[in-house]
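As a plain string of letters, each chain reads:
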Amino acid sequence: MAWSQEEERILLRIERHLIDEDPRLAARLESFDRRVRRREEDGRGRPSRRPGRSTVVLMTSWLLIATLIATLLILVLRHEAAALPL
C-alpha cells in the first residue's frame, strides 16, 4: 500500500530530525539497511533464490530423521519376517 505525499513528508522530516540529533545512530541504521538489502539481493539486483542457512539446517535435519525412521522400520519388519515360521 502506497503512502500519501503527506505521510512521506512527515517521515522525511522525522528522518532529518533523527540524523541531526544522533548522526552515529543514523549511520548505523543506514549500514544495517545496506547489509539487509545486500543479503536479500544477488549480484544482479534481483532477489536471491538461495535458501537461508536455517532453512538448509532444518531440511537436512528432517531428511536425517526420515532416513533414520525408514531404516528402523526396515530393520523391524525384516526381523519380524525372519521370526515368522513358514
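Preceding this section is the structure that the text describes.
Note that the structure is predicted; figures quoted are calculated from it, not measured.

Visitor: Tell me about the pattern of salt bridges, and name the residues and values.
Guide: Considering all chains together, one arrives at three salt bridges under this definition. Notably, a salt bridge pairs Glu30 with Arg34, separated by 4.0 Å at the nearest N-O pair. Placement of both Glu30 and Arg34 in helix α2 (residues 23–40) is noted, with a separation of four residues, approximately one turn of the helix. On the basis of relative accessibility, which here comes to 43%, the residue Arg34 falls in the partly exposed class. One salt bridge in this structure joins Asp33 and Arg37, with 2.4 Å as the shortest N-O distance.

Visitor: Can you break down the layout of surface pockets residue by residue, with the values?
Guide: Taken as a whole, the largest pocket holds about 220 Å³ of empty space. Every residue along the wall of the largest pocket is listed here: Glu15, Leu18, Ile19, Pro23, Ala26, Ala27, Leu29, Glu30, Asp33 and Arg37. Those elements that provide at least two residues to the lining of the largest pocket are α1 (5–21) and α2. Residue composition of the lining of the largest pocket, by class: six nonpolar, no polar and four charged.

Cut-offs used in this document
Residues numbered from 1 in each chain as written. Predicted model: local features only at pLDDT ≥ 70, side-chain atom pairs only at ≥ 80, totals over all residues. Heavy atoms only, no water. Salt bridge = Lys/Arg side-chain N within 4 Å of Asp/Glu carboxyl O. Helix = DSSP H or I, 4+ residues; strand = E, 2+ residues; numbered from the N terminus. Buried < 20%, exposed > 50% of the residue type's maximum accessible area, 1.4 Å probe, protein only. 1 Å grid on protein atoms, 1.4 Å probe; cavity = no way out; pocket = protein on both sides within 12 Å on 5 of 7 lines; lining within 4 Å. Points joined across faces, edges and corners; volume = space filled by probe spheres on them. Nonpolar A, V, L, I, M, F, W, Y, C, P; charged D, E, K, R; others polar.

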